[in-house]
Amino acid sequence: MGIQIDKDKCTGCGRCLAVCPFGCMEVVERKAIIKEGCTVCGACRDVCEFEAVAIERGSSRGTPDIEKYSGVLVFAEQHQGKLKDCTLELLGAGKKLADKLQQELAAALIGSEVDMLCPPLFAHGADKVYLFQDEILKFYHTDPYAAAMTAVIAQQKPSIVLFGATTTGRDLAPRLAARLRTGLTADCTELEIEDESGLLMQIRPAFGGNIMASIKCSNYRPQMATVRPKVMKKPVPDILRRGEIIRIEGKINPKTIRTKVIQVIETMDQIVNLEEAEIVVSGGRGLGKAENFHLLEELAKSLGGAVGASRAAVDAGWKPHSFQVGQTGKTVCPKLYIACGISGAIQHLVGIQTSDMIVAVNKDPEAPIFKVADFGIVGDLFQIIPELTQVVREFKGDNGSGECER
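To start, this report covers the structure provided alongside it. (Residues numbered from 1 in each chain as written. Predicted model: local features only at pLDDT ≥ 70, side-chain atom pairs only at ≥ 80, totals over all residues. Heavy atoms only, no water.)

### Observations concerning the environment of Ile3
So, point 1. Within the fold, Ile3 resides in strand β1 (residues 2-5).
So, point 2. Sequence separation between Ile3 and Cys38 is 35 residues; the distance between their C-alpha atoms is 8.2 Å.
So, point 3. When sequence neighbours within four positions are dropped, the list of residues in contact with Ile3 reads Ile34, Cys38, Val40, Cys44, Val53, Ala54 and Ile55. (Helix = DSSP H or I, 4+ residues; strand = E, 2+ residues; numbered from the N terminus. Contact = heavy atoms within 4.5 Å.)

### A closer look at the sheet that holds strand β19 (residues 336-340)
So, point 1. Strand order in this open sheet of five strands is β18-β17-β19-β20-β21, and the pairing throughout is parallel. Each having just a single partner strand, β18 (306-309) and β21 (375-378) make up the two edges of the open sheet. In this sheet, adjacent strand axes meet at a mean angle of 20 degrees when their direction is disregarded.
So, point 2. As paired elements, strand β17 (residues 279-283) and β18 share four bridges and run parallel to each other. The residue of β18 that forms the bridge with Gly283 is Ala309.
So, point 3. Those strands touched by helix α8 (residues 293-303) are β17, β18 and β19, and its axis lies near 175 degrees from that of β17. (Pairing = 2+ DSSP bridges. Axes fitted to C-alpha atoms, helices over the stretch in contact; angles between N-to-C directions.)

### Section: the pairing of strand β20 (residues 358-362)
So, point 1. With respect to burial, β20 is a largely interior element, five of its five residues being buried.
So, point 2. Bridge analysis of β19 against β20 gives four bridges, and the strand direction is parallel. Bridge pairing in β20 places Ala339 opposite Ala360. (Buried < 20%, exposed > 50% of the residue type's maximum accessible area, 1.4 Å probe, protein only.)

### A few points about helix α5 (residues 142-156)
So, point 1. With 15 residues, α5 should reach 21 Å at 1.5 Å per residue; the first-to-last C-alpha distance of 21 Å fits that figure.
So, point 2. Most of α5 is tucked away: 13 of the 15 residues are buried.
So, point 3. Lys157 lies just past α5 and shows a positive phi near 55 degrees. (Expected span 1.5 Å × (residues − 1).)

### Description of the packing of α5 against helix α6 (residues 167-180)
So, point 1. It is at 10 Å that the axes of α5 and α6 come closest, and there the two elements cross at 55 degrees. Taken together, the axes of α5 and α6 lie oblique to each other. The chirality of how α5 crosses α6 is right-handed. Residues Thr142, Asp143, Tyr145, Ala146, Ala147, Met149, Thr150 and Ile153 of α5 form the contact with α6, whose participating residues are Asp171, Leu172, Arg175, Leu176, Arg179 and Leu180.
So, point 2. For the contact of α5 with α6, the class distribution of residues is eight nonpolar, two polar and four charged. (Parallel < 35°, antiparallel > 145°, perpendicular 65-115°, else oblique. Left-handed = near helix turned anticlockwise from the far one by under 90°. Nonpolar A, V, L, I, M, F, W, Y, C, P; charged D, E, K, R; others polar.)

### Here's the deal with the nonpolar core
So, point 1. Grouped together as the largest cluster of nonpolar side chains are 46 residues, with contacts concentrated most on Leu73, Ile110, Phe132, Met149, Phe163, Leu172 and Met224.
So, point 2. Once you skip the residues sitting within four places of it in the chain, Met149 turns out to touch Leu73, Phe75, Ala108, Ile110, Val161, Phe163, Leu172 and Leu176. (Core = buried A, V, L, I, M, F, W, Y, C linked by side-chain atoms within 4.5 Å.)

### Here's the deal with the state of the cysteines
So, point 1. Tallied over the entire structure, the rule returns zero disulfides.
So, point 2. With no disulfide of its own, Cys217 lies closest to Cys188 among cysteine sulfurs, the gap being 12 Å. (Disulfide = S-S within 2.5 Å.)

Shape is all these values report; function is a separate question.
What follows is the structure in structure tokens.
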């Protein structure tokens, strides 16, 4: 795996020098050359207008020196200095994989001024934390994060790399898989190590959730997967646990970033994160129209929960896709899930099956949702939900503003 410069095509323009995050290129006698420390991030190739830069990452036969890859690496997703719950869930799953392989578990922590997040990563199972910090990495951008993760992978050479199947993970993982010329399995619900080969078995629903597919990447490294949030349990943290911090030196060049964050606006589903909420109130086609979601929003507010939606409600344009719960949306694992006007298609049930308690409200007594619900209420949700909201408010002494009177 390495960078190759075609001397016949190279004009010595120097653009590759300007974008190299690690200062590993220079021009000698009007030709670009690669210096030591190259992480094969691909920034030079992307900027070259003359196609003089090529990346060799193995052949169709597989990754060269595959035996040198070892260990499990978890991408430690964080936003504004706060770790995502899916990161801690992945550390628990990754620790089990690493222990079975008798190898190390590491975390890749990328951002700006995020040193304080290392102790929680150690507490949840990481043996090492690869720390890459730069002011440019304060907000997520695909290009610089891909360059930083490539640098981490080049240094550690992990056998397995895991990402949360979040908006960030689903954007970053495919970019890395393409750069590293390896495979990627998306939206896994289980991870196992095959006894005979020691390969990662990446298990996910297929064909509308009717079968579970087991996928493995035999000849390429690293083996990469995104894992749905809330399908793995967070490990119990050991606050006394310590590990090694490995700082990755490098400076991301601003010229490698093609987008700019102007403003961050929190929507309601971000204020109370759907995937991390302990109480979720979801609505489906039975609500009739978008305006009726205010009933669920009031109930969720009184309970301190988040609002979700079925695919039917999202397809109808009543809620954005970020609210969708189910196989093609978000997997949730709350203590309480309240399904209002949702019939209970298999694709929706896949996304709620790990909830501690499911309560269904539907006027159709034959609705499939009642087969999985712990409690079912047959009736008109337009009468039941407001009454339930009022009961909750009276019990909590809530005046409707979210503040308690007593």
